[in-house]
Amino acid sequence: MSRITPEEVRELALLARLALSEQEIARMTGDLDAILDYVDAMRELDTTGVEPMTHAVPFDCPLRADVVAPSLPVDEALANAPRREASFFQVPRIVPGPGGGGGEEDL
Amino acid sequence: MATDWEVVIGLEVHVQLATKSKIFSWSSAAFGAEPNASTDPICLGLPGALPVLNRAAVESAVRLGLAAGCNIRTRCRFARKHYFYPDLPKGFQISQFDEPICEGGAIKFRLKGEARSIRLTRIHMEEDAGKNVHAAAGVSFVDLNRAGVPLCEIVSEPDVRSAEEAAEYVRAVRTLVRYLGIGDGNMEEGSLRCDANVSLRPRGSEKFGTKTEIKNMNSFKNVRDAIEHEVKRQATLLDRGERVVQETRLWDAARGVTQAMRSKEQAHDYRYFPEPDLPPLVVTELEMKALRGSLPELPEDRFARYTGEGLSTQDAGVLVADRETADYYDATVAAGAPPKRAANWVINEVLAVVGDARRLSGDNVPVPAGELATLVKSIEDGAISGKQGKEIFARVWGEWGKDKTAPLTGVTATGQIGQLIAEAGQSQVSDAGALEEACRKVVAAHPAEAARFKESPKLMGFFVGAVMKETGGKGNPKAINEILRKLLG
Amino acid sequence: MDARGASLTAIVDGVRAGTFGAREVAEQFLDRIARLDAPLGCYLKVDAEGARRRADAIDAARKAGRDPGPLAGAPLGIKDIFCTRGIETTCASKILRGFVPPYESTVTARLAAAGAISLGKLNMDEFAMGSSTENSAFKPTRNPWSTAHVPGGSSGGSAAAVAASLCAGATGTDTGGSIRQPASLCGVVGMKPTYGRVSRYGVIAFASSLDHPGPFGRTVEDSAALLEVMAGADPLDATSIPAPVGAYRQAARAGREGLKGVRLGVPAEYLQPGMDAEVEAAVRAALDELARAGATVVPVSLPHTKYAIATYYLICTAEASSNLARYDGVKYGQRAADAKSLEDMYTRTRGEGFGAEPKRRIMLGAYVLRAGYYEAYYGKALRARRKIADDFSAAFTKCDAIVTPTSPVPAFKFGERVSDPLQMYLADILTVAPNLAGIPAISQPCGFTKAGLPIGLQTIGPALGEEICFRVAGAYESRTEWHQRLPPEVV
C-alpha cells in the first residue's frame, strides 16, 4: 500500500515551489514512499507525556539591546541581486497572493 | 422576506512597534530610508544569517498585553510561517503560533456613549515583510527596508456587531498603542493595519455563518465603509438563498466595493513549526511587575475618573483621546486650576491651536500646564475676564507655536503669564467710581429688564454683559456683579 | 618543514618562533594543491592571492614584535558552507553559483583573527545533504586512500584535504555525522562539539537545531587547537552557549598520562551483528587499548537507537525545507532565465538550481510539516528526540564517555549507495544520535582494512564534555600510530 501518490507529490511540489518533470515526480513518489515506510516504525514508540525537544540548548532566548548599527550599503545589499532596478530588487510582476498579515496586501 | 441578520465581526489588527532597531536585527526600523538602505544580512534573509530578538519589542508587546488585561505567558515561542512572496526574504515569517506571548484580554471603548468590551483571543509578536512596488509593465520592485520591523498582531474574538463598532474598536486600539508610546498607530502610513472577518447569521442563532476576510482598509472610515458594504453584499446573497463563499476580498475605496482576490488559491498551508534559531522566550514575574508599573493610566480608566469628577462625557471623551492631552489636563488641575474650567480651556483653546496633541508632551509647550493653571485660576477668581485670558493665551502661544505643523520652538518662562495677568488686571476698570457710573448707565438704559430682575435673577448675566460692553471688556466682573446687585436690589 | 603530514600545531609553533615564515608555509601548501588536487577534487576555489596576503601580514606582525595569534600561519581549508566576505560561497549548489557574501561568518572571522591562513573553499555535498560528497553539484571529491572510493560527506572535501595534506586543518559542519563520518573514512580527526559551542552565524543553514560547525585536524591536539579558537559565545547566534571555552589542547595532552579512573561506556546497540567485520575488529582492539591505558570499559544501553535515523530524517528535512525556502531567485543566487511569471520564476529557479537530494529532502520536509501530518511525524520525532537525549543522560550516570565505531562501514565505492537514498541514510546510524542530543563527539583513526581504507573510532561525551572527548582521544592516539600513516601520493 503506497503512502504517497503522484498527485500528492505534485501538490507538495507546488507548495515547495519546485518544478519537477514527470520523470522526477515518478522517482520522487517512489523515494518518498520508501522513506515514509521506513519512518513509519516510529509509530510503535510510546511518547505519551514526553515533552517535544525543539532545541538542544537548555537556556532561554537571549535579548538584544534596542540599538541601531550601520546597515549594509545599498550596493552591497543588492550586489547579488539577479535583477536590479535602481535600488530595488526586480522580479516578474506580482499578482496579489496568499494570506498572512505582514504585508502581502500591497496592491 | 428578509431575515433579521446579526452581523458577526472579528478583527485582526497589526501594530508596528516604534523600536529604534528591527525585531531580529540591528538595522533602523524607522520609516523613510532610500529603498533597501536599511537592510542587513538578517533581514535580507542571506544564507547563514540568524535572528537575535530585540528586548524593546518584547517589552512593548508585554505592556500592550498588560494594558489589555491579557494573560502574559511566562514562556512563549516563536514559530515559522511559510509562504512564497517576494517581500518575504526567507520564504517564511518569524511569528508566533502555538504559544503566543499574550492570551485573552479585551479592548474597551465607548460606542455612542455605551461602554463596550471586545474580547481578545491573543496578541503575538512577528516581523513585518518588505514592500512590493508595481511600477512598469510585467515587473515589480521589492524594497526590504520594512522587512523585520517589529509587529504586534492583535486578534479579537468575533464579538464586534457592526461596521461602526469595528471602526471604533480599531480607533481604540490606536489610542491604546499611542497611550503606551509603543507605536504611531497611523493607518494612512501603514503603522496600523486592519483585516476583518465578516459573517452573518440569523439573529438568535448560535452557529457561525460563512465568513469572508476583508483586506485593504487603510483608514477608520474605510473600515466602516468596507464592512458596511460587505454586510449588505452578504445579506443580499443570503436573502436570495445563495451561499456566501469563504474567500478573501479586497476593499476598493474608489469604487466602494469589495472584490474577491484573483489568485488561484491552494489551501494556505503555512507549515508552522517552532523557530529553531530562537530558544523559548521567558518573561519573569519581576520583569512583568516592572512593566506593569510603567503603564500609564489607561483611557477608559481616565474616562471614568473624569466623569466621576463631574466632567461631561463629551469633555471626558475629548480629553482621553490622546494621553498627552489628558496628562496636560491632569497637570493643569494638579497646579490648582478648577477642573471644569480647565477642561474647557484645554479642549476649546489649547487643542484648537496645538495641531498634533502629542506636541503637548514635549519640552517646548508654549503654555506649560502650570502656566495655564495660573491663567485659568485668575479668570475663576475674577482677576481678569475670560476675554482678557484668551488674549493673553493667544499672544503667548502665538509667539512660539503659531505653525501647527512645525516643532514647538520655545516655552513661556514661568511667571511671564502671571506678569501679563497683572498688567491686564491693572487695565481692568476696577475704579469703583467709573464702574458704578457704567452700571447706572446700563440700568437706566434698560428699565424693563431692571423691573423684571427680582423675579428673573438670571437677567444678571444680561446686565453684566451690557456693563462689560460699556467698559470695552475691561470691567472686573466680580466688582460689576456686586454693584449691580446693589442697584437692582 | 615538510608540508606532507605536517601537524597544524607544529606549523604554528614554527611560525610563532620564526623558524619558518607563514608565507613559506602557504606557498608549500598552495604548491601541493596545484600539483595534487586535480585528481582528488577537494577544493572548489583556491584563494592563492588572499592566502599570500594573509601570510605576509602574519610574518610582518611577527617581525614587528606583535603577537601573530594562537594559530599564526596555520594553513586551513574552509568548507564552502561558511560565508566568506568577498569570496564566492556556493554550498556546492548551482543555485548559489556566483553568490558572494557581503559578510563574514563568525567562525572564519575568529580563525583569521587568530592568524590562520585560509587557502580556499572546500567541496561538500550540496547544502550539506549527503554522506559521500557525490551530491556536490560541481564535482565529486575522491578519497586520498583510494580514488575509487568516496571520502564520505557532507564535509568530504575537508576530510580529504587534511588527509592528503592539502591543508593542515579544516572547518566542517556536522548535522548527522558530516564531520565525523568523512573523518573516519579519510583517516583523520574530526570533532562535532556540543550544540551551540561554536557559532552558526554565517554558516549556511541545513537543519538549524542539528547543524554543528567543527574542526578537522591530522591529530587530536590539532583539532583541539582549532576548536579553542572557533568556539565561544556569539551575540549574533541566539543558540550559542555563553559558557567559557575549555582548555581543549590541555585535555588532549592530558590523555597521554592515561585514563585511570575513566569509565568508558560501550552501547550494545552500536556494535550490531552484521556490521563490517574489519570495523568491528578494529574498534574492539581500540577498546582493549583504552583499557590498557587505565580506563574501565562498562556496557551501557541506548535503547532508542533504532529510532534515531527516522527521528533525524524527520527533523532535519522539516528544518531543511524551511531553511531552503529562501532560495527563490529574488535576492541572490541563480534565477531561471526567461521567467514568464513570478510563479514560473520560483518553480524553475528552484527546480533547476537544486540537485536531487535537496529536492527530495525539501519534499519530505514539506510533507511532514503539513497541517494534519505534523503531530504524527514532526511532533512525534521531537518527542523521540527527547527520549534519545535522555538515553545518553542516563548512560552518562554510568560512564564518563561512550566509545563506538564512527561508521559501520569503511569508505564505499562511487555510485554504490547514491542511487538508493534510504541506504545512504542508514549509513548515519552511528553518528546521528549525538546531533539529536546536542552532545559532543570526536572521530579518530583506529585502523585500516586489508584494502587500506581507514577505520574510525568515535568518542561521545556529555553536553559541554569536549574535554573528556579530547582526553580519551588523546590517550588513544598517544598509544597508537594510525594518525601518522599517510595516503599514497598521486604524483
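Residue positions are given per chain, counted from 1 along the sequence in the order it is written. Here the convention is simple: chains get letters from A, ligands get numbers from 1, in the order in which they are written. Two thresholds apply to this predicted model, a pLDDT of at least 70 for residue-level local features and 80 or more for giving and counting side-chain atom pairs, whereas whole-chain, interface and lining totals are computed over all residues.

### Section: the overall build of chain B
Strands are runs of DSSP state E lasting at least 2 residues, helices are runs of H or I lasting at least 4, and numbering of each runs from the N terminus. The number of helices and strands found in chain B is 15 helices and 18 strands. As defined in this context, the radius of gyration uses C-alpha atoms, and a globule is described by 2.2 Å times the residue total to the power 0.38. Since a compact globule built from 489 residues should have a radius of gyration of about 23 Å, the 29 Å found for chain B marks it as more spread out than a globular shape. Counting only C-alpha atoms and orienting by the principal axes, one finds that chain B spans roughly 90 × 60 × 50 Å. Field definition: a residue is buried when 20 or more other C-beta atoms are found within 10 Å of its C-beta, exposed when 12 or fewer are, and partly exposed for counts in between, with C-beta atoms placed from the backbone. Counting over 489 residues, chain B shows a buried share of 49%. In chain B, the proportion of contacts linking residues at least 24 apart, taken out of those at least 6 apart, comes to 71%. Think of it this way: build a C-beta for each residue from its backbone, and any pair within 7 Å is a contact.

### Section: the overall build of chain C
A tally of regular secondary structure across chain C gives 16 helices and 11 strands. A compact globule built from 491 residues would reach a C-alpha radius of gyration of about 23 Å, and chain C, at 21 Å, matches this within 12%. Dimensions of chain C along its principal axes, counting C-alpha atoms only, are 65 × 55 × 45 Å. Taking all 491 residues of chain C together, the buried fraction comes to 67%. Long-range pairs, those at least 24 residues apart, make up 77% of the contacts in chain C with a sequence separation of at least 6.

### A few points about the domain arrangement of chain C
All names here are of chain C. Residue ranges for the domains trace back to a domain assignment, done automatically or taken from a database. Assigned domains within chain C: domain 1 (8-265 + 288-298 + 394-484) and domain 2 (305-386). Each of domain 1 and domain 2 has a C-alpha centre, and these two points are 27 Å apart. Domain 1 puts 29 residues into the contact, and the matching count from domain 2 is 24 residues. At the level of elements, helix H14 (421-426) and helix H15 (432-437) are the ones that each hand at least two residues to the side of domain 1 that touches domain 2. At four residues, the largest contribution of residues to the side of domain 1 that touches domain 2 is made by H15. When the residues that make up the side of domain 1 that touches domain 2 are grouped by side-chain class, the tally is 17 nonpolar, eight polar and four charged. Note that Gly is not counted as nonpolar here; it falls among the polar residues with everything else outside the nonpolar set of Ala, Val, Leu, Ile, Met, Phe, Trp, Tyr, Cys and Pro and the charged set of Asp, Glu, Lys and Arg.

### Quick look at the sheet that holds strand E4 (residues 169-174) of chain C
Each strand in a sheet pairs with another by means of backbone hydrogen bonds, the pair being arranged parallel or else antiparallel. Residues and elements named next belong to chain C. Spatially, 11 strands are ordered E1-E3-E2-E4-E6-E5-E10-E11-E9-E7-E8 in an open sheet, and the strand pairing comes out mixed. Edge positions in the open sheet fall to strand E1 (43-46) and strand E8 (296-300), since each of these has one partner strand only. With direction set aside, neighbouring strand axes in the sheet form an average angle of 30°. Strand pairing is defined by DSSP finding a minimum of two bridges between the two strands. Pairing geometry for strand E2 (residues 75-79) and strand E3 (residues 117-122), over five bridges, is parallel. Residue pairing in the sheet places Pro75 in a bridge with Ile117 of E3. Here helix H5 (residues 156-163) sits on the sheet and contacts E1, E2, E3, E4, strand E5 (189-192) and strand E6 (212-217); the angle it forms with E4, its principal contact strand, is near 155°. An axis is simply a line fitted to the C-alpha atoms; with a helix, the fit covers only the stretch in contact. Between two such axes, the angle follows the N-to-C directions and lies from 0 to 180 degrees.

### Quick word on the interface of chain B and chain A
Taken residue by residue, the interface counts 64 residues in chain B and 43 residues in chain A. Among the elements that take part in the side of chain B that touches chain A, strand E11 (residues 139-143) of chain B stands out by supplying five residues, more than any other. Of the residues in the side of chain B that touches chain A, the class split is 27 nonpolar, 20 polar and 17 charged. For strand E3 (residues 88-92) of chain A and E11 of chain B, the ladder comprises four bridges, and the chain directions are antiparallel. The residue bridging Pro92 of chain A from the neighbouring strand is Val139 of chain B, located in E11 of chain B.

### Quick word on the packing of helix H1 (residues 55-67) of chain B against helix H4 (residues 285-293) of chain B
Residue and element names in this part refer to chain B. Here H1 crosses H4 at 70°, and the two axes come no closer than 10 Å. Classified by the interaxial angle, the pair formed by H1 and H4 is roughly perpendicular. Crossing geometry of H1 relative to H4 is assigned as right-handed. Counting all contacts with H1, which are made through Glu59, Val62, Arg63 and Leu66, the residues of H4 involved are Met288, Leu291 and Arg292. Should an angle fall under 35 degrees it is taken as roughly parallel, and over 145 as roughly antiparallel, whereas 65 to 115 is taken as roughly perpendicular and any remaining angle as oblique. Left-handed describes a crossing whose near helix is turned anticlockwise from the far helix through less than a right angle; right-handed describes the clockwise counterpart.

### Points about the sheet that holds strand E17 (residues 273-274) of chain B
Read across the open sheet, the three strands follow the order E6-E5-E17 (chain B); overall the sheet is antiparallel. Edge positions in the sheet fall to strand E6 (92-95) and E17 of chain B, since each has one partner strand and no second.

### Describing the pairing of E3 of chain A
Residues and elements named next belong to chain A. Most of E3 is tucked away: four of the five residues are buried. Examined bridge by bridge, strand E2 (residues 84-85) and E3 share two bridges and lie antiparallel to one another. Looking at E3, one finds that Glu85 is bridged to Phe88. In textbook terms, the turn of a hairpin is the stretch between consecutive antiparallel strands, and for E2 and E3 this stretch comprises two residues, one of which, Ala86, has a positive phi near 50°.

### A closer look at the environment of Val320 of chain B
Note on placement: Val320 of chain B falls in helix H6 (residues 313-320). Separated by 122 residues in the primary sequence, Val320 of chain B and Val442 of chain B have C-alpha atoms spaced 44 Å apart.

### Describing H5 of chain C
Since there are 3.6 residues in each turn of an α-helix, residues three or four apart along the chain are aligned in direction. All names here are of chain C. Counting buried positions along H5 gives eight out of eight residues, so the element sits mostly inside the fold. Residues of H5 that are buried include every one of Gly156, Gly157, Ser158, Ala159, Ala160, Ala161, Val162 and Ala163, and no others. Backbone geometry just downstream of H5 places Ser165 in the positive-phi region, at approximately 55°.

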